[in-house]
Amino acid sequence: MTTATRGSVGTAHTRVEGRDKVTGAARYAAEIPFAELAHGWLVLSTVARGRVRSVESDAVLAMPGVLAVLHHGNAPRVDTDYVGMMGMSPDPTIALFQRDRVAHRGWPVALVVAETSEQAREAAESLVVHYDQEPHDVAFSAERQSEAYALDGHMPGVVEKGDLEDRLAASAVVLDAEYTTPEEYHNPMEPHAATARWEGGRLEVVDSNQGTTWVAGELANLFSLDPASVRVRSEHVGGGFGSKGVRAHQVAAVMAATVLQRPVRVVMTRRQMFSLAGYRSPTAQRVRLGADADGRLRVLEHQSLNQTSSVHEFVEPSAAAARSMYGAEAHHTASRIVRLDVPTPTWMRAPGEAPGSFALESAFDELAERCGIDPIELRLRNEPEVGPVSGLPFSSRNLAACFQEGARRFGWADRDPRPGVRREGRWLLGTGTAAASFPAGAMPSSAAVTAEADGTFTVRINAADIGTGARTALTVVAADALEVPTDRVRVRIGDSDLGPAMFAGGSMGTRSWAWAVTTAAAELRQSLAPGADIPPEGITVRSNTAEAIGALAQKERHSFGAQFAEVAVDPATGEVRVRRMLGVFAAGRIVNPLTARNQLVGGMIWGISMALHEEAVRDRTSGGVYGADLAGYHVAAHADIPHIEADWVDDPDPDDPVGIKGIGEIGIVGAAAAVANAVWHATGVRHRHLPIRPDRVLMAGGDA
């Protein structure tokens, strides 16, 4: 690892835990040994709606190694009458075995616990459950608008400014188009896994999650426990992307450990993750744009519809992406939901922004074509000086700089704007672009920094490194704040006993944690007299950023970016190949360029996968997903990924002590639209429905 006395932030650092990960010394949640460990296996419903009539557990209990079968008739009771993280009530899916109702296919109906995972699996697959089945409805479509209603999620559901119809009538150019995105899944490499045990009257859970504070608080609420009596640890996490919050497997493990009074581990199978770990809802979106002849917007309307379960409300706020992007005299956005007999969707990388940017940025490309204006120039003409709806100032807005630098590096000026004219053998070639934005926020967090007697420093903060390089980023930030080399800093994370801190989500993790670490480290450095003796227990300073973050002035705070793509399309087979991509971002001060570039490129790859491959199809007869595994759910493979470049412009946030904004999600935003716009440029046919499959490319005439 590179060391430096000053200026570590902004220079490349290999991961501090990298050696442990590549040698296997880093152990994940399902690998940590426990004495007398038992194994639980979830049994999921095979019907999409109805009730459990009976669970025939006697024969299973007689099988070798089986210790217990928990179900709605004998499971511990839990409390769901509380408001949890982000002001939301818990999804009833995690209130396991509390009633006989089945809300969707894959609903947990039992847990079989045995001495080994093999015995638990065999017994679970042998368990006979009888149902009273009822008619179900899983058919999502744009035609269900009459059943839909607006919902405030982590942002307002409906925001309106100006007279829509009046401004449409006054517009010289009007675009009215509908876009759809399918059901999509975030299956991290490491499955969801948790081990629960009681030790000295205290519940301990070793888990794979995105925030131990979050999980510990929810478990304390569910089981009516003193929060101080719950400890959750999550040291290494093999990906999360929004899915690793509070899920059924953690609750099941706690229930079984409580009943058996021994450690119990529950690991989701890949197939179970398709009904228990959340997903991105399909969306049906309508965008109406009205502009003057010179492309200046008078109207921006973005309506979005997504599905949610019959038992819990979750909105994919796709329409909200427009609220920070472009100004218009009439600016109307709304995100609505329709209830179906499906699992509850959840946060998935860039929730709202990823599908919303596909519709909005595709529509802008269509408007540019109708106005006869270059797509980049159209966006620059509609750059707002303040928040288009809020009227608040931007903390910084360097989107124009991203487009200017990206256009130069991509060779945009050499592009012939006419579609379908550039060929290379059997391939039609095209280029496309799209803008990106994602909110840049921070949440209160606490941290402790200790000056040790040996001259090193220990940072303790309940952060979560879900593969993003958070440990390394915090090491670098702490080293700069302490004015010491990075090899004198150790960072401890992933333990709810370390105190409350932001979870890894919303691109707010590193910014929130770094703020707390910087505050504690700076205070510690100031309190240490030169040459002073450090006692054996060290000297510790603690921080809490609640007051500082609460005092921030109201502003529009976002990361921005410009996405560029070149594609090749075979008109005979419908094959689409992305040949190169470039993303240029304004995402605050970059702490570690090495891991930052990985994050941005990873998001762009996900955008390619979203544009061309990912699509879960729900069987209307059974209510389940066809091919609920990584063989049936198609994602971009190595051969699908071309040369991708990700870079950034100088964009430190003046209101952040380190200058950080956030990079975890901005990479995927706009990427699918850039690919779709490039396919139009190659073929002259618009694709408003993802993914852009070969059969859709082969459709004769009209818009796909």
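Scroll up to find the structure.
Everything numeric in this text was worked out from a predicted model, so none of it was measured. Along each chain, numbering runs from 1 in the same order as the chain's sequence is written. The predicted nature of this model means local features are confined to residues of pLDDT at least 70 and side-chain atom pairs, given and counted, to a pLDDT of 80 or more, with totals for whole chains, interfaces and linings taken over all residues. Where side-chain values are given, they derive from all heavy atoms of the structure, hydrogens and water being excluded.

On a plain count of helices and strands, the protein chain comes out with 16 helices and 25 strands. When we talk radius of gyration, it's over C-alpha atoms, and the globule rule is simply 2.2 Å times the number of residues to the 0.38. For the protein chain, the C-alpha radius of gyration of 26 Å lies close to 27 Å, the compact-globule estimate for 704 residues. With the C-alpha coordinates aligned to their principal axes, the bounding extent of the protein chain is approximately 75 × 75 × 50 Å. The classification of residues rests on relative accessible area computed with a 1.4 Å probe and restricted to protein chains. Under 20% of the type maximum is buried, over 50% is exposed, and intermediate values are partly exposed. Looking at the protein chain as a whole, 61% of its 704 residues qualify as buried. By definition in these notes, contact holds between two residues if any of their heavy atoms fall within 4.5 Å. The contacts in the protein chain between residues at least 6 apart in sequence include a share of 82% that link residues at least 24 apart. Per-residue and other accessible areas follow the Shrake-Rupley method at a 1.4 Å probe size, with only the shown protein chains counted as cover for residues. Working note: accessible area of the protein chain is about 25,900 Å², and carbon and sulfur atoms make up 50% of it. Charge counting treats Lys and Arg as positive and Asp and Glu as negative, with His and both chain ends excluded. For this purpose, a charge sits on NZ of Lys, CZ of Arg, CG of Asp or CD of Glu. Placing the 68 positive and 86 negative side-chain charges of the protein chain at their respective mean positions leaves the two points 2 Å apart. Numbering of helices and strands starts at the N terminus; helices are DSSP runs of H or I of at least 4 residues and strands are runs of E of at least 2.

Whenever strands of a sheet pair, they do so through backbone hydrogen bonds, lying parallel or antiparallel. Strand order across the open sheet formed by three strands is 4-2-6, with antiparallel pairing between neighbours. Of all strands in the sheet, those bounded by a partner on one side alone are strand 4 (101-102) and strand 6 (128-133). In terms of strand pairing, strand 2 (residues 50-56) meets strand 4 through two bridges, oriented antiparallel. Bridge pairing in strand 4 links Arg 51 to Arg 101. What makes two strands pair is DSSP finding at least two bridges between them.

With 12 of 13 residues buried, strand 18 (residues 427-439) is to be regarded as a mostly interior element. Bridge count between strand 17 (residues 423-424) and strand 18: two bridges; the pairing is antiparallel. Counted as the bridge partner of Glu 424 is Trp 427 from strand 18. Linking strand 17 to strand 18, which pair antiparallel, is a turn of two residues; within it Gly 425 sits at a positive phi near 65°.

A word on the packing of aromatic side chains. Aromatic rings in a pair are described by how distant their centres are and how their planes are angled relative to each other. We call Phe, Tyr and Trp rings a pair once their centres come within 6.5 Å, taking the six-membered ring for Trp, and we label the pair stacked below 30 degrees between planes, edge-to-face above 60, and tilted otherwise. As enumerated under the stated definition, the model contains 14 aromatic pairs in all. Put simply, the rings of Tyr 185, Phe 274, Tyr 279 and Tyr 633 touch in pairs and so form one group of aromatic residues. The ring of Phe 394 has Arg 397 sitting right over it, with the charged end atom 4.9 Å from the ring centre. Charge-over-ring contacts are defined here by two conditions on Lys NZ or Arg CZ: a distance within 6 Å of the ring centre and an angle within 35 degrees of the ring normal. Stacked on the ring of Phe 410, the Lys or Arg Arg 580 has its end atom at 3.8 Å from the ring centre.

A few words now on the pattern of salt bridges. The salt bridge criterion pairs a side-chain nitrogen of Lys or Arg with a carboxyl oxygen of Asp or Glu, the two atoms within 4 Å. Taken as a whole and assessed by the stated rule, the structure comprises 57 salt bridges. Taking the shortest distance from any N to any O, the salt bridge between Arg 379 and Glu 361 comes out at 2.7 Å. Note that Arg 379 is positioned in helix 9 (residues 375-381) and Glu 361 in helix 8 (residues 353-371), a separation of 18 residues in sequence. Since its relative accessible area comes to 1%, Arg 379 is described here as buried. What makes Glu 361 buried here is its relative accessible area of 1%. Note that Glu 424 and Arg 579 form a salt bridge whose closest N and O atoms lie 2.8 Å from each other. Here Arg 579 lies in strand 24 (residues 576-586) and Glu 424 lies in strand 17, a separation of 155 residues in the sequence. One connected set of salt bridges, linked through shared partners, spans Asp 166, Arg 167, Asp 292, Arg 298 and Glu 329.

With that settled, the discussion passes to the sheet that holds strand 1 (residues 38-44). One open sheet holds the seven strands; their spatial order is 3-5-1-13-10-11-12, and the pairing between them is mixed. Two strands close off the open sheet at either side, each with one partner strand: strand 3 (66-71) and strand 12 (230-233). Taking the axes of each pair of neighbouring strands and ignoring which way they run, one obtains an average angle of 20° across the sheet. Only the contacting stretch of a helix is used when fitting its axis, a line to C-alpha atoms as for every element, and angles between N-to-C directions run 0 to 180 degrees. Packed onto the sheet, helix 6 (residues 248-260) meets strand 1, strand 3, strand 5 (108-114), strand 10 (193-199), strand 11 (202-207) and strand 13 (264-267) and runs at close to 30° relative to strand 10.

Leu 111, Met 255, Ile 461 and Trp 513 are the most contacted members of the largest nonpolar core, which totals 83 residues. For this core, the leading source of residues is helix 11 (residues 470-482), giving nine residues. Every residue in contact with Met 255, bar those within four places of it in the chain, is listed here: Leu 70, Ala 75, Pro 76, Val 78, Leu 96, Phe 97, Gln 98 and Phe 223. Formed by 82 residues, the second largest nonpolar core is a distinct cluster that contains Ala 350, Phe 403, Val 601 and Val 649. We define the nonpolar core as a collection of buried residues of types Ala, Val, Leu, Ile, Met, Phe, Trp, Tyr and Cys that are connected through side-chain atoms lying within 4.5 Å of one another.

As a further point, take helix 6. Between the first and last residue of a helix there are one fewer steps than residues, each counted as 1.5 Å, and that sum is the expected span. Here helix 6 is 13 residues long and its end C-alpha atoms lie 18 Å apart, about the 18 Å a rise of 1.5 Å per residue gives. Among the 13 residues that make up helix 6, 10 are buried, leaving the element largely enclosed by the rest of the structure. For helix 6, the complete set of buried residues consists of Ala 248, His 249, Gln 250, Val 251, Ala 252, Ala 253, Val 254, Met 255, Ala 256 and Ala 257.

Moving on to the side chain of Ser 324. With respect to the helices and strands, Ser 324 occurs in the loop between strand 15 (297-309) and strand 16 (330-340). Setting aside residues up to four positions removed in sequence, Ser 324 forms contacts with Pro 388, Phe 394, Arg 397, Ser 437, Glu 556, His 558 and Phe 560.

With that settled, the discussion passes to the packing of helix 14 (residues 593-612) against helix 15 (residues 671-683). Interhelical geometry of helix 14 versus helix 15 gives an angle of 50° and a closest axis separation of 7 Å. Taken together, the axes of helix 14 and helix 15 lie oblique to each other. Helix 15 is crossed by helix 14, and the crossing has right-handed handedness. Residues Met 604, Gly 607, Met 610, Ala 611 and Leu 612 of helix 14 form the contact with helix 15, whose participating residues are Ala 671, Ala 672 and Val 675. By the convention adopted, Pro, Cys, Tyr, Trp, Phe, Met, Ile, Leu, Val and Ala count as nonpolar, Lys, Arg, Asp and Glu as charged, and the other residues, Gly among them, as polar. Grouping the constituent residues of the contact of helix 14 with helix 15 by class yields seven nonpolar, one polar and no charged. Relative orientations are named as follows: roughly parallel for angles under 35 degrees, roughly antiparallel for angles over 145 degrees, roughly perpendicular for angles from 65 to 115 degrees, and oblique for any other angle. For a crossing to be left-handed, the near helix must be turned anticlockwise from the far one by less than a right angle; the clockwise case is right-handed.

A word on the environment of Arg 144. Assignment of secondary structure puts Arg 144 in the loop between strand 6 and strand 7 (149-150). The spacing of Arg 144 and Pro 500 is 356 residues in sequence and 42 Å in space, taken between C-alpha atoms. Discounting residues that sit within four places of it in the chain, Arg 144 has contacts with Asp 137, Ala 139, Leu 305, Val 338 and Leu 340.

For Ala 463, the position within the fold is in the loop between strand 20 (457-460) and helix 11. Residue class for Ala 463 comes out buried when judged on its relative accessible area of 2%. Each C-alpha atom, one on Ala 463 and one on Val 16, is 15 Å from the other, the two residues being 447 residues apart in sequence. Ignoring sequence-local partners within four residues, the contact set of Ala 463 consists of Leu 474, Ile 493, Gly 494 and Trp 513.

A cis amide bond, omega -5°, links Leu 690 with the succeeding residue Pro 691. As for its position among the elements, Pro 691 is in the loop between helix 15 and helix 16 (694-697). A positive phi is found at Ser 224, a non-glycine position, where the angle reads about 55°. Within the secondary structure, Ser 224 is located in the loop between helix 5 (212-222) and strand 12. In this model, Ala 350 sits at a positive phi of 60°, which is unusual for a non-glycine residue. Here Ala 350 shows up in the loop between strand 16 and helix 8. Using a relative accessible area of 0% as the deciding quantity, one classes Ala 350 as buried.

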